[in-house]
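Observations on the three-dimensional arrangement
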There are 4 protein chains.
Amino acid sequence: MSAPKKVVLAYSGGLDTSIILKWLQTEYGCEVVTFTADLGQGEELEPARKKAELMGIAPENIYIEDVREEFVRDFVFPMFRANALYEGQYLLGTSIARPLISKRLVEIAAETGADAVAHGATGKGNDQVRFELAAAALNPEIKVIAPWRLWDLTSRTKLLEFAEQNQIPIAKDKRGEAPFSVDANLLHTSSEGRVLENPAEEAPDYVLQRITRPEDAPDAPEMIEITFEKGDAVALNGEAMSPATILTRLNELGGKHGIGILDLVENRFVGMKSRGLYETPGGTILLEAHRGIEQITLDSGSGHLKDSIMPRYAELIYNGFWFSPEREMLQALIDKSQENVYGTVRLKLYKGSARTVARWSDRSLYSEKHVTFEEDFGAYDQKDAQGFIQLNALRLRLLAARKRRLG
Amino acid sequence: MSAPKKVVLAYSGGLDTSIILKWLQTEYGCEVVTFTADLGQGEELEPARKKAELMGIAPENIYIEDVREEFVRDFVFPMFRANALYEGQYLLGTSIARPLISKRLVEIAAETGADAVAHGATGKGNDQVRFELAAAALNPEIKVIAPWRLWDLTSRTKLLEFAEQNQIPIAKDKRGEAPFSVDANLLHTSSEGRVLENPAEEAPDYVLQRITRPEDAPDAPEMIEITFEKGDAVALNGEAMSPATILTRLNELGGKHGIGILDLVENRFVGMKSRGLYETPGGTILLEAHRGIEQITLDSGSGHLKDSIMPRYAELIYNGFWFSPEREMLQALIDKSQENVYGTVRLKLYKGSARTVARWSDRSLYSEKHVTFEEDFGAYDQKDAQGFIQLNALRLRLLAARKRRLG
Amino acid sequence: MSAPKKVVLAYSGGLDTSIILKWLQTEYGCEVVTFTADLGQGEELEPARKKAELMGIAPENIYIEDVREEFVRDFVFPMFRANALYEGQYLLGTSIARPLISKRLVEIAAETGADAVAHGATGKGNDQVRFELAAAALNPEIKVIAPWRLWDLTSRTKLLEFAEQNQIPIAKDKRGEAPFSVDANLLHTSSEGRVLENPAEEAPDYVLQRITRPEDAPDAPEMIEITFEKGDAVALNGEAMSPATILTRLNELGGKHGIGILDLVENRFVGMKSRGLYETPGGTILLEAHRGIEQITLDSGSGHLKDSIMPRYAELIYNGFWFSPEREMLQALIDKSQENVYGTVRLKLYKGSARTVARWSDRSLYSEKHVTFEEDFGAYDQKDAQGFIQLNALRLRLLAARKRRLG
Amino acid sequence: MSAPKKVVLAYSGGLDTSIILKWLQTEYGCEVVTFTADLGQGEELEPARKKAELMGIAPENIYIEDVREEFVRDFVFPMFRANALYEGQYLLGTSIARPLISKRLVEIAAETGADAVAHGATGKGNDQVRFELAAAALNPEIKVIAPWRLWDLTSRTKLLEFAEQNQIPIAKDKRGEAPFSVDANLLHTSSEGRVLENPAEEAPDYVLQRITRPEDAPDAPEMIEITFEKGDAVALNGEAMSPATILTRLNELGGKHGIGILDLVENRFVGMKSRGLYETPGGTILLEAHRGIEQITLDSGSGHLKDSIMPRYAELIYNGFWFSPEREMLQALIDKSQENVYGTVRLKLYKGSARTVARWSDRSLYSEKHVTFEEDFGAYDQKDAQGFIQLNALRLRLLAARKRRLG
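Residues numbered from 1 in each chain as written. Chains lettered and ligands numbered in written order. Predicted model: local features only at pLDDT ≥ 70, side-chain atom pairs only at ≥ 80, totals over all residues. Heavy atoms only, no water.

1. What about the overall build of chain A?
Across its full length, chain A holds 13 helices and 14 strands. Principal-axis analysis of the C-alpha atoms gives chain A an extent of 85 × 55 × 45 Å. Across the 407 residues of chain A, 67% fall into the buried class. In chain A, once contacts between residues fewer than 6 apart in sequence are set aside, the share between residues at least 24 apart is 72%. (Helix = DSSP H or I, 4+ residues; strand = E, 2+ residues; numbered from the N terminus. Buried < 20%, exposed > 50% of the residue type's maximum accessible area, 1.4 Å probe, protein only. Contact = heavy atoms within 4.5 Å.)

2. Describing the interface of chain B and chain A
Each partner contributes residues to the interface: chain B has 101 residues there, and chain A has 102 residues. Summed over both sides, the interface of chain B with chain A buries roughly 9100 Å², with 53% coming from carbon and sulfur. Here chain B and chain A share eight salt bridges between them. Of the charged contacts, one joins Glu326(A) and Arg395(B) as a salt bridge, the two residues approaching to 2.6 Å between their closest N and O atoms. (Buried area = accessible area lost by both parts, 1.4 Å probe. Salt bridge = Lys/Arg side-chain N within 4 Å of Asp/Glu carboxyl O.)

3. Regarding the interface of chain D and chain B
On the side of chain B, 24 residues touch chain D, which itself brings 24 residues to the contact. Counting each side, the surface lost to burial between chain D and chain B is near 2000 Å², with a carbon and sulfur contribution of 72%. When residues of chain D are sorted by the area they lose upon contact with chain B, Leu305(D), Arg312(D) and Met329(D) head the list and together hold 29% of the total. Seen at the junction of chain D and chain B, the total is zero salt bridges. Here chain D and chain B share two residue pairs in polar contact (both at pLDDT 80 or more) between them. For the side of chain D that touches chain B, the elements supplying multiple residues, two or more each, are α10 (300–319), α11 (325–337) and α13 (383–406) of chain D. Residue contributions to the side of chain D that touches chain B peak at nine residues, all from α11(D). A class-by-class count of the residues in the side of chain D that touches chain B yields eleven nonpolar, six polar and seven charged. (Polar contact = N/O pair within 3.5 Å; in protein donor to acceptor, adjacent residues only side chain to side chain. Nonpolar A, V, L, I, M, F, W, Y, C, P; charged D, E, K, R; others polar.)

4. Some words on the packing of helix α10 (residues 300–319) of chain C against α10(D)
Across the interface, α10(C) lies against α10(D) with an axial gap of 9 Å and an inter-helix angle of 175°. With respect to α10(D), the axis of α10(C) lies roughly antiparallel. Contact with α10(C), carried on its side by His304(C), Asp307(C), Ser308(C), Pro311(C) and Glu315(C), involves His304(D), Asp307(D), Ser308(D), Pro311(D) and Glu315(D) of α10(D) and no other residues of that element. (Axes fitted to C-alpha atoms, helices over the stretch in contact; angles between N-to-C directions. Parallel < 35°, antiparallel > 145°, perpendicular 65-115°, else oblique.)

5. Topic: the packing of aromatic side chains
In this structure the tally under the stated criterion is 46 aromatic pairs over all chains. One aromatic cluster is present, built from ring pairs that chain together Phe269(A), Phe321(A), Phe388(B), Phe388(C), Phe269(D) and Phe321(D). The ring of Tyr318(D) carries Arg130(D) above its face, with NZ or CZ at 4.8 Å from the centroid. (Phe/Tyr/Trp six-rings, centres within 6.5 Å; stacked < 30°, edge-to-face > 60°. Lys NZ or Arg CZ within 6 Å of the ring centre and 35° of its normal.)

6. Section: the sheet that holds strand β1 (residues 6–10) of chain D
Residues and elements named next belong to chain D. If you walk across this open sheet you meet the five strands as β3-β2-β1-β4-β5, and the pairing is parallel. The two strands at the open ends of the sheet, each matched to only one other strand, are β3 (62–66) and β5 (143–145). Ignoring which end each strand starts from, the neighbouring axes of this sheet average 25° apart. Bridging between β1 and strand β4 (residues 116–118) involves three bridges; their strand directions are parallel. Note on β4: the bridge partner recorded for leucine 9 is alanine 118. (Pairing = 2+ DSSP bridges.)

7. Concerning the environment of Glu266(C)
Residue and element names in this part refer to chain C. If you trace the backbone, glutamate 266 turns up in strand β11 (residues 261–267). Sequence separation between glutamate 266 and aspartate 376 is 110 residues; the distance between their C-alpha atoms is 49 Å. In this structure glutamate 266 touches Tyr86, Glu87, Tyr90, Asn126, Met272, Lys273, Ser274, Tyr278 and Tyr318, once residues within four positions along its chain are discounted. A polar atom in the side chain of glutamate 266 sits 2.4 Å from the side chain of tyrosine 278.

8. Observations regarding the confidence of the model for chain A
Detailed reading of predicted coordinates is not advised where the pLDDT is low. Put simply, chain A has an average pLDDT of 95, and 100% of its residues get 70 or more. This complex was scored by the predictor with a pTM of 0.97 and an ipTM of 0.96. (pLDDT = per-residue confidence, 0-100.)

9. So, the relation of the copies chain B and chain A
Note on the copies: chain B fits chain A at an RMSD of 0.0 Å, the axial shift is 0.0 Å, and the rotation between them is 180°. The two molecules are tied by a two-fold rotation axis, judged by turn and shift. Interface overlap between copies is the fraction of interface residues in one copy that are interface residues in the other; for chain B against chain A it reaches 100%, indicating a shared surface. (Least-squares fit on C-alpha atoms with pLDDT ≥ 70 in both.)

10. Observations concerning the pattern of salt bridges
Under the defined criterion, the tally for this structure stands at 136 salt bridges over all chains. Arg395(A) is the salt-bridge partner of Asp299(D), the closest N and O atoms lying 2.4 Å from each other. Here the residue Asp299(D) occupies a position in the loop between α9 (281–297) and α10, and Arg395(A) occupies one in helix α13 (residues 384–406), the pair thus bridging two chains. Residues Asp299(D) and Arg395(A) agree in their burial class; the two are buried. Ionic pairing is found between Glu111(B) and Arg104(B), a salt bridge with its closest N-O pair at 3.9 Å. One continuous salt-bridge network, built from bridges that share partners, spans Glu65(A), Glu70(A), Lys103(A), Arg104(A), Glu107(A) and Glu111(A).

11. Here we look at the environment of Asp335(B)
With respect to the element layout, Asp335(B) can be found in helix α11 (residues 325–337). Each C-alpha atom of the pair Asp335(B) and Ala109(B) lies 31 Å from the other, and the pair is 226 residues apart in sequence.

12. A few points about the sheet that holds strand β1 (residues 6–10) of chain A
Residues and elements named next belong to chain A. With respect to topology, five strands assemble into an open sheet ordered β3-β2-β1-β4-β5, the strand pairing being parallel. The sheet terminates laterally at β3 (62–66) and β5 (143–145), the two strands that pair on one side only. Taken over all neighbouring pairs, the strand axes of this sheet differ in orientation by 25° on average, direction set aside. Bridging between strand β2 (residues 31–38) and β3 involves five bridges; their strand directions are parallel.

13. Describing the side chain of Asn166(C)
Tracing the backbone shows Asn166(C) in the loop between α7 (156–165) and β6 (181–184). Excluding its chain neighbours within four sequence positions, the residues that come into contact with Asn166(C) are Lys22(C) and Thr26(C).

14. A word on the packing of helix α1 (residues 15–28) of chain D against helix α7 (residues 156–165) of chain D
Residues and elements named next belong to chain D. Put simply, α1 and α7 touch, their axes get as near as 10 Å, and they point 65° apart. Where α1 crosses over α7, the two elements pack in a sense that is left-handed. In this structure, α1 contributes Leu15, Asp16, Ile19, Lys22, Trp23 and Thr26 to the contact, and α7 contributes Arg156, Leu159, Leu160, Phe162 and Ala163. Grouping the amino acids of the contact of α1 with α7 by side-chain chemistry returns seven nonpolar, one polar and three charged. (Left-handed = near helix turned anticlockwise from the far one by under 90°.)

15. Quick notes on the relation of the copies chain D and chain B
Aligned on chain B, chain D shows an RMSD of 0.0 Å; the corresponding rotation is 180° and the shift along the axis is 0.0 Å. Of all interface residues in chain D, 100% are interface residues in chain B too; the two copies therefore contact each other through one and the same surface.

16. Focus: the UniProt feature "binding site: L-citrulline" (unreviewed entry) in chain A
Residue and element names in this part refer to chain A. Following the UniProt record, one finds the feature "binding site: L-citrulline" (unreviewed entry) at Tyr90, Ser95, Asn126, Arg130, Ser181, Ser190, Glu266 and Tyr278. Position of asparagine 126 relative to the elements: it lies in the loop between β4 (116–118) and α5 (127–138). Given the relative accessible area of 5%, asparagine 126 is considered buried. Relative to the elements of secondary structure, tyrosine 278 occurs in strand β12 (residues 273–279). With relative accessibility at 4%, the residue tyrosine 278 sits in the buried group. Apart from the residues within four sequence positions on either side, tyrosine 278 is in contact with Tyr90, His188, Thr189, Ser190, Gly260, Ile261, Leu262, Leu264 and Glu266. (UniProt positions renumbered as here; feature names shortened; annotations may be inferred.)

17. Examining the side chain of Arg130(D)
All names here are of chain D. On the secondary structure map, arginine 130 appears in helix α5 (residues 127–138). On the basis of relative accessible area, arginine 130 is assigned to the buried category, the value being 4%. At 2.7 Å, the side chain of arginine 130 and the side chain of aspartate 127 are in polar contact. Contact partners of arginine 130, with chain neighbours within four places excluded, come to Thr94, Ser95, Arg98, Ser102, Ile317, Tyr318, Asn319 and Gly320.

18. Considering unusual backbone geometry
One non-glycine residue with positive phi stands out, namely Lys351(A), at about 45°. Summarising the element assignment, Lys351(A) is placed in the loop between β13 (343–350) and β14 (353–360). For Lys230(C), which is not a glycine, the phi torsion comes out positive at approximately 45°. Checked against the element boundaries, Lys230(C) lands in the loop between β8 (222–229) and β9 (232–236). By relative accessible area, which is 48% here, Lys230(C) ends up partly exposed.

Here is the structure:
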């Protein structure tokens, strides 16, 4: 790969990406464009502008954007239509944000005539894969610079030295090692590394970033109602809201009630296991609610098919294949299933759990007339079950007869 | 089907199966053998013996058995190895008990020379299917009598009249309609019907049979440790226990802490939706713990394959195909995956939730040396990620290039 | 079910459906509407009109339609996009025609104010299921009359007696039993029953209806070229053709060259095995060609996903669930995959086989520059493979290390 | 990776692996052990011994082994139990041989105290992956040397120069470039590269290595009978044979009758497409026969489950994951299904195709009594189909009613 001439960097304004910014300038002598996104991580973005300017980035090369609505509408919600869980438990909070960042990096590269993009993910994790697969899928020619895989700043000491040599300001609390590493966006906060590295030891309480410990949550349950259209949440307690707004509100509710903490050892795409502490307050509520509304609006054929492809869909997102034809094929299948997923779910939030307690819809397939223990006036003829069972049993009988024959 | 000569009846001793017993006698003039099983439903069985005797059943034709160990060891545990959830949420508590009952009915028929078995499941539910498919799979010639699909006792009034006419004692509280219908065994209690029939209305608190409301659960969390061997729980807090004992103890713990309540609308195999309130205290803890130990002892290849076939496996059990070649094929796959699932999981139980907080195993695949944020001394070469990503990206690049070419 | 007042009958004009027509009239005293479709079965339809008139059907109640283009365009081609094979081998020729017939029956019932439809499929086969599931999916209220499951005309002798008593003309060659039973449409001809009932005996040559025995096919191979757009065949040897025309032409070619004979024992949905002799000349060529064009226009992600859901898709069609949400969901996935399936395949037809020998497309993903054994000028860096393999191997190494540790 | 001290090389005796042998000696100054396997590729092995001796390999370091029986018994036959086809068409002839070679390399390394193994696969293909994943799975510490990814002998000219400089004899016909590259073993011969690189051009006839052109095959069909036990072929025309013997005989038959030619563009694991011409004469017959015997001995539950996991199983083998837990899990599932796959299939071989024409087994599940068009004396009650269809239709009716309700 020849040296890049102009690089769009995913820039948070923090120490690490500031070091990368400088390293790109010194290593390649190239022009740098910074992209700082508000994905709902809960940090102010304007300081990033100042820092970029301090490091000599021209104002027109500083991109700061609020992408929260796009994030929830085009990434989070489509994923929740699938009830996606990686390895049975993980709501994919980090995975789903990466393709959006990559998409904007590639788009800004096109706008600014840059030939490369750069990111601050290390060589051990999944995020490098997600950034780079998305970039490749969106622009086959773009170069991707992953400084962590390239440079020799392989220890904290070396990084700090480099920062000092290059007049990069170091916040006091960044002098020492952080006790763990954090990633956050509107869907979740993940923590990993250092104090969390031993999966046999409990995560300390101080790791929690945005969820109240269940023990400290309110003693009274709270009931909420979420309304869905085409499988997406559109209203909370009867009030219509934009995608990002509804997720923000659910985050507040979940955080308050101690909902959405997951301590997980998972399998990374790059082959090793890692342990993370995930906080997904709103997402955990949303998954439960979405299942609740699907209970009455999806028939078994649709629901079981969705369930059967879900693990693959989740794995694709986890592994970084959001912008792949197979993810889009699965999405077409999933979206097709959501055409009648309309209605409202009532949930009870209480000290760590969100539980569906009622659901209704004018598109419900639930038929009290069929299921009732009372007189059903011919809606269902119990004698039909005889034939149903007989024919389902036929091959089992033939198998049993063979077994008997063979002795 | 010709009339049965001798029938083995799944007999609870309750009013409904007593009516069936009498009906079989009067309808077919046949000899009846009763089978009453202790599956952990929490009822005494000896009264069933007395009632059977009262109805003229010869002592040698009364079978009363404690099958709890067999139930947990040969049915519940194999199923939990798969992390089976029907429709994403249901732990299959009723489904998994039916094949065992059918198996004993068929075996007792062979021992007693009976040509038929009978059950008390209605024509609207899944249980009839489960009973009858299992029977067909185990004895291709056996007749199955399902009185609810045959007789004209189609209302409560008619049933009570029949009971009175036949001197079947009716407990006072059985005069009126029960407000809902209950099924219970060591794994779960399910409630459905009547006050639960409208899924838009919350289940009343009095429906709960064995789980404390989370609001009434202890204010202090409780930590427990479950140890696994080959994917099965073998010890609680370091104390070795038999399968049924460990499940019993987990039920007590879960019940106390409000764990395992599920309000679900599900799709029955016979084509309609039904709403149930399920209580699976021990099973809910067990699933979480099993996932916890698999996190460190299964590699991604095994885990993802298991995940992908799980919905089908759960559906088979739900639909009554326990004794089918495809369930056995899937079981062979699942059991193969459990060969190294050994170790211990610590969980925190608190007001409705059971959460893994630590896990360890001498068969762990977690490699701190690989994943560490610290110096890894060459365990993992970050530069390898470059090639890994490049080759994974190659087809995406070729796709992107085509897209560009087409304009 | 109350008696029908007006019935739309799938009417071939043959003896069996004529008997059904008369039976409906006499059994229910109801008005009958006949529907006779040209699906490419190769029989003239006008005689059916005459026969219907003779049996008193009013001219406005006689529907005779050429549905070949709809059949191929809306049923056969969508199915071929999936490379659907039931049980690995069967091209679903009968299965795919039934939903179209049912759809027209239900539509004609709506047009004519009929409250029921009727078909001539027996109670042992799959076709009854296909007809009736499709009808239920299209009109939840429609009644379906399946005379073979209802009447007492259970032997050939009784049928002929009924025909004679009712002045239904019996062709001379219909007096005796046919040596086997035939179903045909533009996609295939199936033969089953009687001389074919023993799967251990070879099918006699005279069973073949439209394919030349390979031994009698031309001694010279013939090369053809099929062109695809969006996964559908649109031209043969460079000549654009309608769907039904191209399938007709492929049938002629396949028939001439002995292509598309399948002798199969399959599993019916109703639980038993049956043996059929299928002739699918054009379809066999089309499947091979479609695979050929997908080879260069689908990437591995798309292709492997399609392959993995294909058996389920084929099973749905076989079982009669064409008009089901899950089939439509899978179709959405499949159709999404076909967006770039454009190009031309050359095949060699010779004495029973059709083999792809070349394929080209301006949407090809084949990259000679990457794959070449020659100098590739940096298109592909072989060193990348090192990292790719290392990371794919990592979990296998961790597994092997565990094995070693355990001794 | 530190330099290897002793390397076991997969050595064919040909020019390329002789160059590798010399390169290992000169590059690392290490001891080399050669392993030459008879996998049925049809070449004499003793010349390899001489060449190895000439290059200074000590006699005790020269391993020459006939592994044909192990190859067919432990690799080919287990794979055929699954009816494995990669991308719908490829019988995996090359893929299945690699793990066996790797296994022996690793075992010989253990016996001889070698710390590394080496292979002659290039950096563009799948074989490097297969060799190296297998090695990693069998010995987590072993080093793997892949000279083609390491050296600078990047052109034919350089290779020949190196050979000449090192006194490696060059056969006359190896001076020029071969027009295509060949791999062979008892299951298949594959050809690729150069004259085959353009998938739009037909493969020249001279590429065929062991199959007669169908046009040149005998004019008379030949009937054969293959007998199976537990899913494996055990006899041909009634004569019991060892696995390798039966495959050898089927290869002769298939080769003679022009059976098993496949011209394919496939997706390599490393991300690119390649075109190959595969000849699998015996394997093609065997697949057809195995399907034939499964038709009557597997029930639909087993067969459909097998079909649904087959693509994944085939992909695993293609990608080199033979020695992986997930392949072993799938094998457990598949082997379970084969317990009753016993019986005999008659096939007709003729000018390019092998077609099942009859099959029989004392474990057959085919029930003429059920399927017959004749009187079945109550084996099957056609009225049962009514209930079967009603319940299968119920959810479709509820869906249709909703659609109607919504207008």
